[in-house]
Amino acid sequence: MTSSSDRSPAVDVHAPKSYEIRTYGCQMNVHDSERLAGLLEEAGYVRAPEGSDGDADVVVFNTCAVRENADNRLYGNLGRLAPRKASRPGMQIAVGGCLAQKDRDTIVKKAPWVDVVFGTHNIGKLPVLLERARVQEEAQVEIAESLEAFPSTLPTRRESAYAAWVSISVGCNNTCTFCIVPALRGKEKDRRPGEILAEVEALVAEGVSEITLLGQNVNAYGSDIGDREAFSKLLRACGNIEGLERVRFTSPHPRDFTDDVIAAMAETPNVMPQLHMPLQSGSDTVLKAMRRSYRQSRYLDIIRKVREAIPHAAITTDIIVGFPGETEEDFEETLHVVREARFAQAFTFQYSKRPGTPAATMENQIPKEVVQARYERLVALQEEISWEENKKQVGRTLELMVAEGEGRKDDATHRLSGRAADNRLVHFTKPDQEVRPGDVVTVEVTYAAPHHLLAEGPVLDVRRTRAGDAWEKRNAEKAAKPAGVLLGLPKIGAPAPLPVATSGCGCD
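Residues numbered from 1 in each chain as written. Predicted model: local features only at pLDDT ≥ 70, side-chain atom pairs only at ≥ 80, totals over all residues. Heavy atoms only, no water.

K.L.:
Looking at this structure, I do not really get the overall build of the protein. What am I missing?
P.N.:
In terms of regular secondary structure, the protein is built from 15 helices and 21 strands. Burial statistics for the protein: of 508 residues in total, 54% are counted as buried. Put simply, 76% of the contacts in the protein that link residues at least 6 apart link residues at least 24 apart. Carbon and sulfur atoms provide 51% of the accessible area of the protein, an area that totals close to 22,900 Å². (Helix = DSSP H or I, 4+ residues; strand = E, 2+ residues; numbered from the N terminus. Buried < 20%, exposed > 50% of the residue type's maximum accessible area, 1.4 Å probe, protein only. Contact = heavy atoms within 4.5 Å. Areas by Shrake-Rupley, 256 points an atom, 1.4 Å probe, with all protein chains shown as cover.)

Quick look at the structure:
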């Protein structure tokens, strides 16, 4: 006789299938995952509740190939799902993204319980491949060699009601020796300006008030359509869209950062005073080995021009420590640039071999202990500078766009969190009146830490926005809609946070 504890939960065969997407890597992957979610929902799937942790009918891994241990991480996660899939007839697992583009047939050989492998160029095929795998009862591996459809033409389930990514290009024409992305994403392909602006206008009509223009090398936009000033023109055109309050972009390349872009940033009110400008190294010798087409003087000249045109701009960067052949003198040059540029924040990376890149086979690989020691020195210096720069914000009155999920301690501290125009994170005292994500508040900064600011006094002003209305509407619809039906035991505790996009994977 079978005990009640041994019985499998009853399955509602009429319930829609649920899906879960796990995203790794850069902002482009986060945006692609929004497309994958839109495709699945259009095909009749429903999103699994937060914290479902593999209990969905379809689990999709959107992978990154930048890190040396990216494949180990993927196969470890796939291995943990194998017994669950074996006990769940009908469950499917799909692997997409850059690692899928690179490894192709290897994934199914190492993890034969995977149902679908698809690449960076054919994400639109996911629902069809899932159905084909189900009907044929065998894994489907389909990797396109070139882009089949620009991602922004696909259905989307955006994570935010008030802020949105807008992809303006895909691929990259650079040949940095540490980066495998161009080999996996292909050569740069630009969207037509009219298509981009039409998407932005549609988003604003839905209530979005902040957009981030996205590309592997965003300010090279125009090279594919034959207009070197296309990016600055696009920024200015965004300034003419009524209701669009904030425009950001990521990630630019110093080689393509021209004076007309600086002028457009300074002269277009809704383009935010924030710039993410990857440095990677301050040494001309290392930059040459990295095949970066600029040198220290050129980089610092860009920073100087931006600061002259936009005095309150917050500038952030990416830095790689321990690139093959990097000497102590080379590293000191990086520290020099950090002191001169005074970055608000830096995304710092210890160099690790990216299989398939020229740098992986270079001589003079730096010992791990040397890389670690240099990394710690860089982080300590940047922490000091970040704190000093943040202290300059104390006493300033800032307008914040209220954010969702940015302050992990907000409930305990009775605060809310928001982003200033320069993208600094500010935690502020919760006002008596209702404030929704997407609304705008005015506060005075009273305290600075290296990575955030506090506004401990009363909120000076609250402006309800169409973006806040959009957030409220979405939440009301979510509450009215039943979640996907899952099998297995319910999870206990707080749901996992949304994936955080690293800044360009350190590849820009």
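After that view, the rundown keeps rolling.
K.L.:
Can you help me understand the packing of aromatic side chains in this one?
P.N.:
We describe a pair of aromatic rings using the distance from one ring centre to the other and the angle between the two ring planes. Per the counting criterion, the structure on display carries four aromatic pairs. Relative to F249, the ring of F231 lies with its centre 5.1 Å away and its plane at 85 degrees, an arrangement referred to as edge-to-face. Here F231 is found in helix α8 (residues 230-238), whereas its partner F249 is found in strand β11 (residues 246-250), with 18 residues between them in sequence. The class of F231 is buried, set by a relative accessible area of 1%. Summarising the aromatic geometry, the rings of F323 and Y351 are spaced 5.5 Å apart at their centres and angled 70 degrees between planes, so their arrangement reads as edge-to-face. With F323 in the loop between β13 (314-321) and α12 (328-341) and Y351 in the loop between β14 (345-350) and α13 (368-391), this pair connects stretches of sequence that are 28 residues apart. F323 gets classed as buried once you look at its relative accessible area, which sits at 0%. Y351 sits in the buried class, given a relative accessible area of 10%. In this structure an aromatic cluster arises from ring pairing among Y294, Y299 and F343. (Phe/Tyr/Trp six-rings, centres within 6.5 Å; stacked < 30°, edge-to-face > 60°.)

K.L.:
In this structure, what is going on with the sheet that holds strand β21 (residues 461-463)? I would like to understand it.
P.N.:
Pairing between the strands of a sheet is mediated by backbone hydrogen bonds and can be parallel or antiparallel. The strand order across the open sheet formed by seven strands is β19-β20-β17-β16-β15-β18-β21, and the pairing between neighbours is mixed. Both outer strands of the open sheet, β19 (447-448) and β21, are each paired with one neighbouring strand and no more. Pairing geometry for strand β17 (residues 425-429) and strand β20 (residues 453-455), over three bridges, is parallel. Within β20, the position partnered with F428 by the bridge is A455. (Pairing = 2+ DSSP bridges.)

K.L.:
Quick question: what am I supposed to make of the pattern of salt bridges here?
P.N.:
This model, assessed by the stated rule, comprises 33 salt bridges. A salt bridge links D115 to K85; the nearest nitrogen and oxygen atoms lie 3.4 Å apart. Of this pair, D115 sits in the loop between α4 (105-110) and β5 (116-118) while K85 sits in helix α2 (residues 70-86); the two residues are 30 residues apart in sequence, bridging distant segments of the chain. Among the residues examined, D115 registers a relative accessible area of 14% and is labelled buried. (Salt bridge = Lys/Arg side-chain N within 4 Å of Asp/Glu carboxyl O.)

K.L.:
Would you explain the sheet that holds β13 in this entry?
P.N.:
The three strands are arranged β12-β13-β14 in an open sheet whose pairing can be described as parallel. Both outer strands of the open sheet, β12 (274-276) and β14, are each paired with one neighbouring strand and no more. Sheet twist, expressed as the average angle between the axes of neighbouring strands with direction ignored, equals 10 degrees. Here β12 pairs with β13 via three bridges, running parallel. Each residue of the ladder has a partner; that of L275, found in β13, is I315. (Axes fitted to C-alpha atoms, helices over the stretch in contact; angles between N-to-C directions.)

K.L.:
Quick question: what am I supposed to make of helix α11 (residues 296-309) here?
P.N.:
Note on helix geometry: an α-helix contains 3.6 residues per turn, so any two residues three or four positions apart are oriented the same way. With 14 residues, α11 extends 20 Å from end C-alpha to end C-alpha; this agrees with the ideal 20 Å at 1.5 Å per step. When we look at burial in α11, the residues that qualify are Q296, Y299, I302, I303 and V306. One side of α11 carries all its buried residues, which in axial view fall inside an arc of 130 degrees. Summarising the geometry of α11, the exposed residues directed more than 90 degrees from the buried face are S297 and E308. (Expected span 1.5 Å × (residues − 1). Arc of directions from axis to C-beta.)

K.L.:
Would you mind showing me how to read the environment of L287 here?
P.N.:
Position of L287 relative to the elements: it lies in helix α10 (residues 284-289). For the pair L287 and F323, spaced 36 residues apart in sequence, the C-alpha to C-alpha distance is 9.7 Å. Setting aside chain neighbours within four positions, we find L287 in contact with L279, S281, R292, Y294, R295 and Q296.

K.L.:
Sorry if this is basic, but what is going on with the side chain of Q101 here?
P.N.:
Within the element layout of this structure, Q101 appears in helix α3 (residues 98-103). One polar contact links the side chain of Q101 to the main-chain amide nitrogen of T120, over a distance of 2.9 Å. A polar side-chain atom of Q101 sits 3.0 Å from the main-chain carbonyl oxygen of A144. Residue contacts for Q101: discarding those within four places in its chain leaves G119, T120, H121, I143, A144 and L184. (Polar contact = N/O pair within 3.5 Å; in protein donor to acceptor, adjacent residues only side chain to side chain.)

K.L.:
Explain unusual backbone geometry to me, please; I cannot follow it from the model alone.
P.N.:
If a residue is not glycine, its phi is most likely negative; likewise, a peptide bond is most likely trans. The omega torsion across T250 and S251 is -5 degrees, close enough to zero to call that bond cis. Assignment of secondary structure puts S251 in the loop between β11 and α9 (259-267). In this structure, E137 takes a positive phi of about 55 degrees despite not being glycine. Note on placement: E137 falls in the loop between α5 (126-136) and β6 (140-142). In this structure, N423 is a non-glycine residue whose phi angle is positive, near 75 degrees. Along the chain, N423 falls in the loop between β16 (415-419) and β17.

K.L.:
What should I look at first to understand the nonpolar core in this one?
P.N.:
Considering soluble globular proteins, one finds that nonpolar side chains tend to be buried as a cluster. Ranked by internal contacts, the top residues of the largest apolar core, which has 54 residues, are I211, L213, L235 and F257. Beyond its immediate sequence surroundings of up to four residues, L235 is in contact with L213, V247, F249, V261, A264, M265, T268 and V271. Membership of the second largest hydrophobic core comes to 36 residues, among which are Y24, A56, V286 and M290. (Core = buried A, V, L, I, M, F, W, Y, C linked by side-chain atoms within 4.5 Å.)

K.L.:
Help me understand the packing of α8 against α9, please; the structure alone is not making it clear to me.
P.N.:
Pairs of packed helices are described in terms of their axes, by the angle between the two and the distance that separates them. Running from amino to carboxyl end, α8 crosses α9 at an angle of 5 degrees, the nearest separation of the two axes being 8 Å. Taken together, the axis directions place α8 and α9 in an arrangement best described as roughly parallel. Contact residues: F231, S232, L235 and R236 in α8; D260, V261, A263, A264, M265 and E267 in α9. Residues belonging to the contact of α8 with α9 are distributed by class as follows: six nonpolar, one polar and three charged. (Parallel < 35°, antiparallel > 145°, perpendicular 65-115°, else oblique. Nonpolar A, V, L, I, M, F, W, Y, C, P; charged D, E, K, R; others polar.)

K.L.:
Is there a simple way to explain the packing of α12 against α13 in this structure?
P.N.:
At a minimum axis distance of 10 Å, the contact between α12 and α13 shows a crossing angle of 10 degrees. Between α12 and α13, the interaxial angle falls into the category roughly parallel. Listed contacts from α13 to E328, F331, E332, L335, V338 and R339 of α12 are R374, R377, L378, L381, Q382 and I385. Residues of the contact of α12 with α13, tallied by class, amount to six nonpolar, one polar and five charged.

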